[in-house]
Number of protein chains: 2
Amino acid sequence: MKLKEAKTLKDLAKVTGFTESTISRTLNGIGTKYRISTETQKKIIDAANEANFKFNENARGLRLKKTMTVGFIVPDISNSFFAKMASLIEREARLHKYAVFLCDSDNSTEVEKASINLLQKRKVDGIIVCPIGLESKHLQKLYQETPLVLVDRYFPKIPLPFVTSDDGLDSYKVVQHLISKGHSKIACIQGVENTSQNNMRVKGYKNALQDNGLAFDSKFLMGNSFSEKNGYYAAQQIIAMPKKKRPTAIFSLSSIITLGILKSFTEAGLKVPLDFSIVSFDEQEYSALLATPLTTIGQPKEEMGTKAFQLLRNQMESKTKLHQEGMLLPTRLNFRDSIKAL
Amino acid sequence: MKLKEAKTLKDLAKVTGFTESTISRTLNGIGTKYRISTETQKKIIDAANEANFKFNENARGLRLKKTMTVGFIVPDISNSFFAKMASLIEREARLHKYAVFLCDSDNSTEVEKASINLLQKRKVDGIIVCPIGLESKHLQKLYQETPLVLVDRYFPKIPLPFVTSDDGLDSYKVVQHLISKGHSKIACIQGVENTSQNNMRVKGYKNALQDNGLAFDSKFLMGNSFSEKNGYYAAQQIIAMPKKKRPTAIFSLSSIITLGILKSFTEAGLKVPLDFSIVSFDEQEYSALLATPLTTIGQPKEEMGTKAFQLLRNQMESKTKLHQEGMLLPTRLNFRDSIKAL
DNA sequence: AATTGGAATGAAATCGCTTTTTTAAGCAGC
DNA sequence: GCTGCTTAAAAAAGCGATTTCATTCCAATT
């Protein structure tokens, strides 16, 4: 065996004449602790460098029962909201020597479950999941076995650690703002009903109406998914309403929905805020550059990613379950030109 | 040991009274081939289900020398261009039972190298990388050892498999279009110089100028990174030029750069296409909805992701190196209102 | 002279799985 | 009664690490 071909500790042992244990200790930096002479250590380290030796992390993981890997499950990684979070989770993981498995649950609870299964088979040390949000049993079960943190969406009544933004507050504020500008017929185009984030936003919307003496009109709470199509069709419905009865303002619960709404308006030749005022959740790089700069509620995606990994790391490294409720980070309101005073 | 606590083959062996080999064979679906009686198999399968048994894929990977994992290295996952590709790579991988390690190289060749190292230690079966693009030696070395496919950026003179888009053609066409509309002073705001994609685009730009009898003016080839800042500052420079000498049209080599340009214009109170005509690389969901709907050259990101994984799978499963040059997929020109006829 | 103790390594078990090699039992054939 | 063939399953080796427990050598102590 030539030195340059040494791929494993065994190979290195054969070539250098020392045993696997000695080499393992040396390369793991605990040689001195085990009284391996400086001379021997130098020989081993030189040989390892020469051979461009790399540990097999799978074998280590097997032996150590710690793989230094985590999983991140998202509904749709092509959505820039999740991509931004992924970016910071990956970075944080990298800085702490963890590798990240990316799983796209494709907006399906079934795929989400399959992804969890996959990650467990791979013995990840922890999992961050942005759940679809309609079911939680499988997540509770998961939490019995593996460190877990939820991001963005969570389950208010279920004790699982989470990091998300406190969407209700600015939802309330922005709807109040619309009202103060003279709007009384305000539509809300929502995403997936009964998910935590949707609920918080809708609650803010309803409370603002109520506190200002406006009746909630269920016709004006529209839509059913965080998709462009949803916004597109809801906007068409709104356009089709009799002019006197239709809303003058729209509160859109996600940037993707907003794109659909805007597309619909563009096709119909309608202008913002001339024909409709718009407020949208989720600030994007382009929000200020659209035909009409949008008033938005921005979420701290980056911070959410960072914090989520930190919470996960706490669990992974302390081996204790966190029974804290989780973290609610503040959102940020960006006022722009998409609101008309009536 | 209780059945429900059985986590390993050994545990299952203890509980059922059969040996690990028999159980392994049964659960891997090759029991019959090894003449394990139907009765025994049923007992084993029932026990495994009852225990909710999951194979340890790390141990399997170690033994089989095949981990069913791949790595995907991108310069910046928060960039929606790469996120879209990631989405399809993940999907394709999932359908073929591979798990995906996501590595963000943070636009740094050093991190790219570290990521490769990490993936090799984890014994991935293959790697897809969108390289930073200035260095290729480490990739050539990698290709000696691991199946590899490059996406988006590649190295024209180096025989590594790649999938990318043929950006020169539409670059040429769109610049020609600008010229036909009367523009003769056309700036090009580029990304990272000497990367394949940048080169192709610039080449298209220069060729179009030349073929139309226009001299290439190096003052008009500006910028140095695929970032918003780059677009922002380049646009400021353009604005600062004496009005008679400054370009009337801008060819931006990425959507991120374009956002910077638009921000700059907005701040200066300049309008597209009134003050400047713009053409941008990379179609986005919002391209048609901006203050002025943009003329763009769209790349087939999804197809690139899919094809990249397919090419990788070919290598992983045939164990033969591909010495084909790679794939160049066509781009798509979307004409919109951001060009003024002079 | 025998024992002790520290320094420098080595041997062997183990992690959870797959696979090659063996074994054991039952029955047919001579 | 022995050989030889099936059938059914067990035993053991090995993947590449880590770690507990030994071993060897030699100087110092009793």
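A brief report on the enclosed structure follows. (Residues numbered from 1 in each chain as written. Chains lettered and ligands numbered in written order. Predicted model: local features only at pLDDT ≥ 70, side-chain atom pairs only at ≥ 80, totals over all residues. Heavy atoms only, no water.)

### Here's the deal with the protein's contact with DNA strand C
- The environment of DNA strand C is made up of 31 residues, and the closest members are A:Tyr34, B:Ser24, B:Arg25, B:Arg60 and B:Arg63.
- The sugar-phosphate share of atoms of DNA strand C within 4 Å of the protein amounts to 63%.
- Backbone polar atom of A:Thr19 to a phosphate oxygen of DNA strand C: 2.9 Å apart, as the coordinates give it.
- A distance of 3.1 Å is found between a phosphate oxygen of DNA strand C and a side-chain nitrogen or oxygen belonging to A:Thr22.
- Of all elements in the fold, only α2 (20-27) and α4 (57-64) of chain A together with α1 (9-16), α2 (20-27) and α4 (57-64) of chain B reach the threshold of two or more residues within the surface near DNA strand C.
- Residues of the surface near DNA strand C, tallied by class, amount to ten nonpolar, eleven polar and ten charged. (Near = heavy atom within 4 Å. Polar contact = N/O pair within 3.5 Å; in protein donor to acceptor, adjacent residues only side chain to side chain. Helix = DSSP H or I, 4+ residues; strand = E, 2+ residues; numbered from the N terminus. Nonpolar A, V, L, I, M, F, W, Y, C, P; charged D, E, K, R; others polar.)

### What about helix α6 (residues 109-121) of chain B?
- For α6(B), spanning 13 residues, the distance from its first C-alpha to its last is 18 Å, which sits close to the expected 18 Å at 1.5 Å a residue.
- Looking at α6(B), one finds that the buried residues are B:Thr109, B:Val111, B:Glu112, B:Ser115, B:Ile116, B:Leu119 and B:Gln120.
- In the core, the buried residues of α6(B) are packed alongside α5 (80-95) of chain A together with β1 (69-74), β2 (99-104), β3 (126-129) and α7 (137-145) of chain B.
- Two to three positions downstream of the cap, the backbone nitrogen of B:Glu110 sits 3.2 Å from a side-chain oxygen, assigning the N-cap of α6(B) to B:Ser108. (Expected span 1.5 Å × (residues − 1). Buried < 20%, exposed > 50% of the residue type's maximum accessible area, 1.4 Å probe, protein only. Contact = heavy atoms within 4.5 Å.)

### Looking at the sheet that holds strand β9 (residues 277-281) of chain B
Residues and elements named next belong to chain B.
- Ordered in space as β7-β6-β8-β9-β10-β12, the six strands form an open sheet in which the pairing is mixed. Because the sheet does not close on itself, it has two edges, and the strands there are β7 (221-222) and β12 (332-334).
- Note: β9 against strand β10 (residues 295-298), three bridges, orientation parallel. Bridged to Ser280 within β10 is Thr296. (Pairing = 2+ DSSP bridges.)

### Observations concerning the nonpolar core
- Within the largest apolar cluster, 82 residues are counted, with the highest numbers of intra-cluster contacts made by A:Phe251 and B:Phe251.
- Not counting chain neighbours up to four residues away, the residues in contact with B:Phe251 comprise B:Ser171, B:Val174, B:Val175, B:Ala187, B:Cys188, B:Ile189, B:Arg201, B:Tyr205, B:Val279, B:Phe281 and B:Ile297. (Core = buried A, V, L, I, M, F, W, Y, C linked by side-chain atoms within 4.5 Å.)

### Let's talk about the environment of A:Ser37
Residues and elements named next belong to chain A.
- Within the secondary structure, Ser37 sits in the loop between α2 and α3 (38-51).
- For the pair Ser37 and Thr26, spaced eleven residues apart in sequence, the C-alpha to C-alpha distance is 9.8 Å.
- A polar contact of 2.8 Å, which involves the side chain of Ser37, links it to the side chain of Thr40.

### Some points on the packing of aromatic side chains
All names here are of chain A.
- Evaluation of the coordinates by the stated rule reveals 20 aromatic pairs over all chains.
- Consider the rings of Phe81 and Phe82, whose centres lie 5.3 Å apart with planes at 80°: the pair is edge-to-face.
- Relative accessible area serves as the criterion here: at 4%, Phe82 is assigned to the buried category.
- Seen from their ring centres, Phe265 and Phe276 are 4.9 Å apart, and the 15° between their planes marks the pair as stacked. Of this pair, Phe265 sits in helix α11 (residues 255-268) while Phe276 sits in the loop between α11 and β9 (277-281), placing them eleven residues apart in sequence. For the pair Phe265 and Phe276, a shared accessibility class is recorded, and that class is buried.
- Members of the aromatic cluster, each reached through a chain of ring pairs, are Tyr205, Phe216, Phe251 and Phe281.
- Above the ring of Phe216, the side-chain terminus of Lys206 is found at 4.6 Å from the ring centroid. (Phe/Tyr/Trp six-rings, centres within 6.5 Å; stacked < 30°, edge-to-face > 60°. Lys NZ or Arg CZ within 6 Å of the ring centre and 35° of its normal.)

### Comments concerning the interface of chain B and chain A
- Tallying the contact residues gives 46 residues for chain B and 46 residues for chain A.
- A combined buried area of about 4400 Å² lies between chain B and chain A, and 59% of that area is made up of carbon and sulfur atoms.
- When the buried surface of chain B facing chain A is broken down by residue, B:Asn58, B:Arg122 and B:Leu289 rank first, second and third, together holding 16% of it.
- Viewed at the interface, chain A and chain B are joined by four salt bridges.
- Across the pair A:Lys121 and B:Glu57 runs a salt bridge, and its minimum N-O distance is 3.8 Å.
- Our count for the contact surface shared by chain B and chain A stands at 20 residue pairs in polar contact (both at pLDDT 80 or more). (Buried area = accessible area lost by both parts, 1.4 Å probe. Salt bridge = Lys/Arg side-chain N within 4 Å of Asp/Glu carboxyl O.)

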